[in-house]
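Coordinate inspection notes
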Amino acid sequence: MSPDAIIAWASAHGVRCTTREAWPRGDFRTDPRIDFGRWLERTPGCVLHPTDVDQLAAVMRELAAQGVPFTTRAAAHSAGGQVLSDGGAVIDLRGLDRIVADDPAAQTITVESGAWWLAVTRHLAPARRRPPVLTDNLRSSIGGTLAVGGFGDATHRHGLQAQQVRAMTVVTVDGTRHIVRPGDALFDHALCGRGQLAVIADATLTTVRRSAILHGRMLHWRSLAAYIDGAIRAMDGGHYDVFRARMAWQPGLPVSAVAGDLDAPITPLARIRPDDASPLEQLDLAALAEDDPHARWDFASPALELALPLPDGLATWYRLVERVAEAGLQRFMPRGSSVMVVKSPVGLPLAPVPPGGLALFGALRLELPPAEAPRVVPILRELGRQAMREGARVYLMSIELEADGFLEQQFGAALPRLRALKDQHDPRRLLNPWLL
Ligand SMILES: Cc1cc2nc3c(=O)[nH]c(=O)nc-3n(C[C@H](O)[C@H](O)[C@H](O)COP(=O)(O)OP(=O)(O)OC[C@H]3O[C@@H](n4cnc5c(N)ncnc54)[C@H](O)[C@@H]3O)c2cc1C
């Protein structure tokens, strides 16, 4: 693509458009050639920066008219190049960052898709409210997380962040706006589908009445299997407002979790049966969220995050663990690996969770010197392919697996409908070009 025609159109229509001279090098937050993974680089022809939904729709309509492929980029925490483009256009969604409406009585908030979750929690905290599920990373955007799923601190009780959406405004490639709700094909397939059908412009999210003060403790299990038992107890009993675990890369695969309730300590420890627990303490989650970890992120980070069907997926995970050890990859995960037991969501056909029961979600999120990436990424791909053959689904912010039959394994029975919707809304495959 020659960006000249797009630049001329943008200038005539008051839309900011940047090209390579304007891009600072090396910071994934502002350099459109890289993402959080920092092991891949692709140079787009130009980046368009709409500031509201009208500009977003106009930009999409124009790119479609000119036949230019484009990716949507928000906070760029992807690890597999999803937001990058080789020569096409990138739509930077950070300018859509407003809180559109707040309805405390209905416990909903409507937010533009480029806003960070941090903006939402800051807005809600004074009224002792929050979204029911928050991921570890509040500097990711609403749209970027809903486009992949959102596994978080209360997923064991409330499911994915994508399950907390009541309505959305989405824009299709022809620039048409659609207000969509659960049960609408565009709603159901815009969530967790890696932005294939439409761009989420805003989302109406559920909120709950909870403060940010956690009455919590560290729980410890000697093995992953024992943790899974405890996690299922927490899930079945509806225990804990916050429950996030990490598996250590040590013999026996011990697991530690932050577990607790907001406002008041209510979960009896005996119900969860950890092997060990620290004394109860209070943590201000809102204060902790103000710490920006960016300065500590100087590594490349190819990631492979998987949901494996339980109970058989545990054996798959053990095989992955063996291969990780053989390849010496555990040294690149000094803080361990996030693990979680999740329930297959209802009404979310593209959810990155195997259908029909419980799954073990595990994140191989490596922190390595960039020079190691070419050796390590093929090993991760092989692990991902093996897991998929055994029924796993991939979290779509991961590295691309380049596997035959990937879409069939990932989307299962939902694939024909997704393909038909892609044919209908993006027949020329311009939006977030991928395998579809
Ligand atoms: C340090 C760290 C911690 C993390 N912790 C967690 C965690 O606890 N739980 C969890 O679930 N995930 C976690 N993640 C993963 C993170 O949630 C995802 O990578 C998420 O996609 C990040 O959002 P983003 O705004 O950075 O998205 P981007 O990388 O900008 O985009 C992600 C995908 O969504 C598409 N997209 C972006 N905006 C839109 C839109 N408005 N409409 C349609 N498509 C869109 C993009 O094209 C891309 O395919 C973590 C990531 C990091 C780096």
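So, here's what we can say about the structure. Residue numbers run consecutively from 1 along every chain, following the written order of its sequence. The predicted origin of the model limits local features to residues at a pLDDT of at least 70 and limits the giving and counting of side-chain atom pairs to 80 or more, whereas totals for whole chains, interfaces and linings rest on all residues.

**A word on the pairing of strand β4 (residues 89–92)**
Here is the key point about a regular strand: its side chains alternate between the two faces of the sheet. Buried residues are those with 20 or more other C-beta atoms within 10 Å of their own C-beta, exposed residues have 12 or fewer, and partly exposed residues lie in between; C-beta atoms are placed from the backbone. For helices the rule is a DSSP run of H or I covering at least 4 residues; for strands it is a run of E covering at least 2, with both sets numbered from the N terminus onward. On β4, burial covers both faces: Ala89 and Ile91 on one face and Val90 and Asp92 on the other are all buried. For strand β3 (residues 70–73) and β4, the ladder comprises four bridges, and the chain directions are parallel. Within β4, the residue paired with Phe70 across the bridge is Ala89. For two strands to pair, DSSP has to find at least two bridges joining them.

**Side note on helix α10 (residues 373–389)**
A helix's residues, less one, multiplied by 1.5 Å, set its expected span. Under the 1.5 Å per step criterion, the end-to-end length of α10 is 24 Å for 17 residues, consistent within 8% with the ideal 24 Å. Turning to α10, its buried residues number three or more, namely Ala373, Val377, Leu380, Leu383, Gly384, Ala387 and Met388. All buried residues of α10 lie within an arc of 130° about the axis, which places them on one face of the element. Residues Pro374, Arg375, Pro378 and Arg389 are exposed on α10 and point more than 90 degrees away from its buried face. As for α10, its buried residues are in contact with β17 (303–309), α9 (313–326), β19 (358–365), β20 (393–394) and α11 (406–411). Think of it as the arc spanned by the lines of direction from the helix axis to the C-beta atoms. For every residue pair, C-beta atoms are placed from the backbone, and the pair is scored as a contact if these atoms sit within 7 Å.

**So, the nonpolar core**
The biggest cluster of nonpolar side chains holds 130 residues, and the ones touching the most others in it are Leu48, Ala89, Val170 and Ile200. If we ignore the near neighbours within four places in the chain, the residues touching Leu48 are Ala10, Val15, Cys17, Val59, Ala89, Ile91 and Asp92. To define a nonpolar core, we join buried Ala, Val, Leu, Ile, Met, Phe, Trp, Tyr and Cys residues through C-beta atoms within 7 Å and take the resulting set.

**Describing the pairing of strand β6 (residues 108–112)**
Pairing of strand β5 (residues 99–103) with β6 involves four bridges; the strand directions are antiparallel. Within the sheet, the bridge partner assigned to Asp102 lies in β6 and is Ile109. Examined bridge by bridge, β6 and strand β10 (residues 199–206) share five bridges and lie antiparallel to one another. By the bridge assignment, Thr110 is partnered in β10 with Thr204.

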